[in-house]
Amino acid sequence: MTTRFGALSGALFAISTLISIPAMADPSHTHAGAIGQPAKPSQATRTVEVEIGDIFYEPGSIQVKPGETVRFVVKNTGDLLHAFTIGTAAMHAAHQKEMAMMAEHGMITPTGMNHDMMDMDHSNMPGMDHGAMGAMEHDASNSVLVEPGQSAELAWTFPEAATLEYACNVPGHYEAGMVGKIDFSR
């Protein structure tokens with residue numbers, strides 16, 4: 001089963017890097033305001049553990065309170081590289097384009113990150129939108145990339161209300177259903 005899934009995920013990865021996903025919003029990684037803001041883990045009122053697998057999140061939805069600060073501990077139990085990114089659907093669409101560009105330039109692969117490429121200066125690479133992603137680094141405060149068998153942490157203070165989701169924007173993963181809803185409760 002792993003071999004067949006590996007071939008499928010490889011095909012999805014290859015196809016998604018060729019498809020241009022239209023950006024529906026400013027692709028900048030400005031996070032304060034409408035979607036909340038980064039926080040220190042010590043400010044969190046609770047911790048939510050999130051398992052990332054090939055191709056799912058557990059839990060599939062997360063309930064938050066307006067203004068709440070949550071510490072997310074994200075563990076990748078799958079065989080592929082995955083991300084946990086908080087944002088709107090429009091932000092995810094823009095981020096998917098950036099991730100596809102990162103894959104095209106060898107910064108990420110289906111199973112991991114090319115750490116040497118991530119640390120390089122990409123200012124002279126053709127086709128790169130350097131303003132959109134801080135010189136093509138995956139260092140957005142609302143997102144973590146997690147390699148297979150690894151864990152990462154993200155702390156976030158949510159706004160009073162918003163339409164948010166968490167998603168994996170590695171090429172092909174969002175389209176395969178790797179997205180969860182953030183529900184606000186009062």
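Residues numbered from 1 in each chain as written. Predicted model: local features only at pLDDT ≥ 70, side-chain atom pairs only at ≥ 80, totals over all residues. Heavy atoms only, no water.

Trainee: Just to check I follow, could you spell out the side chain of Asn76 for this structure?
Mentor: As for its position among the elements, Asn76 is in strand S5 (residues 69–76). According to the relative accessible area criterion, Asn76 is buried, its value standing at 1%. For Asn76, the side chain forms a polar contact with the main-chain oxygen of Val146, separated by 2.8 Å. Ignoring sequence-local partners within four residues, the contact set of Asn76 consists of Ile52, Leu81, His82, Val146, Glu147, Pro148, Gly149 and Gln150. (Helix = DSSP H or I, 4+ residues; strand = E, 2+ residues; numbered from the N terminus. Buried < 20%, exposed > 50% of the residue type's maximum accessible area, 1.4 Å probe, protein only. Polar contact = N/O pair within 3.5 Å; in protein donor to acceptor, adjacent residues only side chain to side chain. Contact = heavy atoms within 4.5 Å.)

Trainee: How do you make sense of the packing of aromatic side chains when you look at a structure like this?
Mentor: For any pair of aromatic rings, geometry is given as the distance between the ring centres together with the angle between the planes. Overall, the coordinates contain six aromatic pairs when judged by the stated rule. Aromatic pair Tyr57 and Tyr166: ring centres 5.1 Å apart, planes at 75°, arrangement edge-to-face. Here Tyr166 lies in strand S9 (residues 164–167) and Tyr57 lies in strand S3 (residues 56–58), a separation of 109 residues in the sequence. Ring centres of Phe72 and Phe84 lie 5.1 Å apart, and the angle between their planes is 45°; on these two criteria the pair is classed as tilted. (Phe/Tyr/Trp six-rings, centres within 6.5 Å; stacked < 30°, edge-to-face > 60°.)

Trainee: Explain the pairing of S5 to me, please; I cannot follow it from the model alone.
Mentor: Successive residues of a regular strand alternate their side chains across the two faces of the sheet. Relative to S5, strand S2 (residues 46–53) is paired through seven bridges, and the arrangement is parallel. Paired with Val48 across the bridge in S5 is Phe72. Pairing of S5 with strand S8 (residues 151–157) involves seven bridges; the strand directions are antiparallel. Looking across to S8, one finds that Phe72 is bridged to Leu154. (Pairing = 2+ DSSP bridges.)

Trainee: For this particular structure, what's the right way to read the sheet that holds strand S6 (residues 82–87)?
Mentor: The pairing of strands in a sheet comes from backbone hydrogen bonds and takes either a parallel or an antiparallel form. Taken together, five strands build an open sheet; the order of strands is S4-S10-S9-S6-S7 and the sheet is mixed. Of all strands in the sheet, those with a lone pairing partner are strand S4 (61–64) and strand S7 (143–146), marking the two edges. Pairs of neighbouring strands in the sheet enclose a mean axial angle of 20°, with direction left out of account. The pairing of S6 with S9 spans three bridges and is classified as antiparallel. Note on S9: the bridge partner recorded for Ile86 is Tyr166. (Axes fitted to C-alpha atoms, helices over the stretch in contact; angles between N-to-C directions.)

Trainee: Any chance you could explain helix H2 (residues 89–104) here in plain terms?
Mentor: Along an α-helix, residues three or four apart share an orientation, since each turn contains 3.6 residues. With 16 residues, H2 should cover 22 Å at 1.5 Å per step; its first-to-last C-alpha distance of 23 Å lies within 8% of that length. Counted residue by residue, H2 has 12 buried out of 16 residues, so it is predominantly covered. Among all positions of H2, only Ala90, Met91, His92, Ala93, Ala94, His95, Gln96, Glu98, Met99, Ala100, Met102 and Ala103 are buried. Where H2 ends, the next residue or the one after it, Gly106, has phi of about 80°, a positive value. (Expected span 1.5 Å × (residues − 1).)

Trainee: Hey, could you run me through the sheet that holds S5 in this one?
Mentor: With mixed pairing, the five strands of this open sheet are ordered in space as S1-S8-S5-S2-S3. Edge positions in the sheet fall to strand S1 (37–38) and S3, since each has one partner strand and no second. Judged from the two bridges that link them, S1 and S8 form a sheet pairing that is antiparallel. For Pro38, the partnering residue across the bridge sits in S8 and is Trp156.

Trainee: Teacher, can you tell me more about the pattern of salt bridges here?
Mentor: Between side chains of opposite charge, pairing is possible as soon as their charged atoms come close. Evaluation of the coordinates by the stated rule reveals three salt bridges. The closest approach of N and O atoms between Glu68 and Arg46, which form a salt bridge, is 2.7 Å. Within this pair, whereas Glu68 is found in the loop between S4 and S5, its partner Arg46 is found in strand S2, the two being separated by 22 residues in sequence. Overall, Glu68 belongs to the buried group, its relative accessible area being 9%. Two residues, Asp183 and Lys181, come together in a salt bridge whose shortest N-O distance is 3.5 Å. (Salt bridge = Lys/Arg side-chain N within 4 Å of Asp/Glu carboxyl O.)

Geometric descriptors of this kind do not, in isolation, establish any biological role.
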